[in-house]
Amino acid sequence: HSAGTLAEVIATEHGISRTAVAHHLRVLRDHGAVSSAVDPVEPRSRTYRIEPEFLARLDHEVERLFRLWDHRYGTAERRMEAKLASWDSRSRHASAGGASDASA
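This write-up is about the structure you can find in this document. Being a predicted model, the structure only gives us computed values, none of them experimental.

1. A short note on the packing of helix H1 (residues 3–14) against helix H2 (residues 18–30)
- Where H1 meets H2, the closest approach of the two axes is 9 Å, and the angle between their N-to-C directions is 125°. Judged on the interaxial angle alone, H2 and H1 are oblique. Crossing handedness for the pair H1 and H2: right-handed. Residues Ala3, Gly4, Leu6, Ala7, Glu8 and Ile10 of H1 form the contact with H2, whose own contacting residues are Arg18, Val21 and Leu25.
- Here the contact of H1 with H2 is built from residues that sort into 6 nonpolar, 1 polar and 2 charged.

2. Some points on the pattern of salt bridges
- Evaluation of the coordinates by the stated rule reveals 4 salt bridges.
- With a shortest N-O distance of 4.0 Å, arginine 18 and glutamate 8 are connected by a salt bridge. A residue pair is termed long-range when its members are at least 10 positions apart, and arginine 18 in helix H2 and glutamate 8 in helix H1 qualify at 10 residues.
- As a salt-bridge pair, glutamate 61 and arginine 64 come within 2.9 Å of each other at their nearest N and O atoms. Highlighted residues: glutamate 61 and arginine 64, both in helix H3 (residues 52–73), separated by 3 residues, approximately one helical turn.

Thresholds applied
Residues numbered from 1 in each chain as written. Predicted model: local features only at pLDDT ≥ 70, side-chain atom pairs only at ≥ 80, totals over all residues. Heavy atoms only, no water. Axes fitted to C-alpha atoms, helices over the stretch in contact; angles between N-to-C directions. Helix = DSSP H or I, 4+ residues; strand = E, 2+ residues; numbered from the N terminus. Parallel < 35°, antiparallel > 145°, perpendicular 65-115°, else oblique. Left-handed = near helix turned anticlockwise from the far one by under 90°. Contact = heavy atoms within 4.5 Å. Nonpolar A, V, L, I, M, F, W, Y, C, P; charged D, E, K, R; others polar. Salt bridge = Lys/Arg side-chain N within 4 Å of Asp/Glu carboxyl O.

Take it as geometry only, folks, not as evidence of what the structure does.
Set out below in structure tokens:
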């Protein structure tokens, strides 16, 4: 899409100025996340494309972080199962303790 179109959409949707959008697009271009070229329809504008190689690297890094998180903390599902098992164990322990207190 052209920088003007992107700036209009982002400004409307998120309240960010065209100048800020242009700055962020330049940063993304400088870091290889997007490429730009002069728009053939509107020569005073540029078109931007997301670089597939950048997305592949980003995907790889996000996957690496998920694996690290899972290794350190486990998945949310496993953490919830462990928490429920802990609560269940405490509940049974409290019930057993309460029953022996009543018979004493």
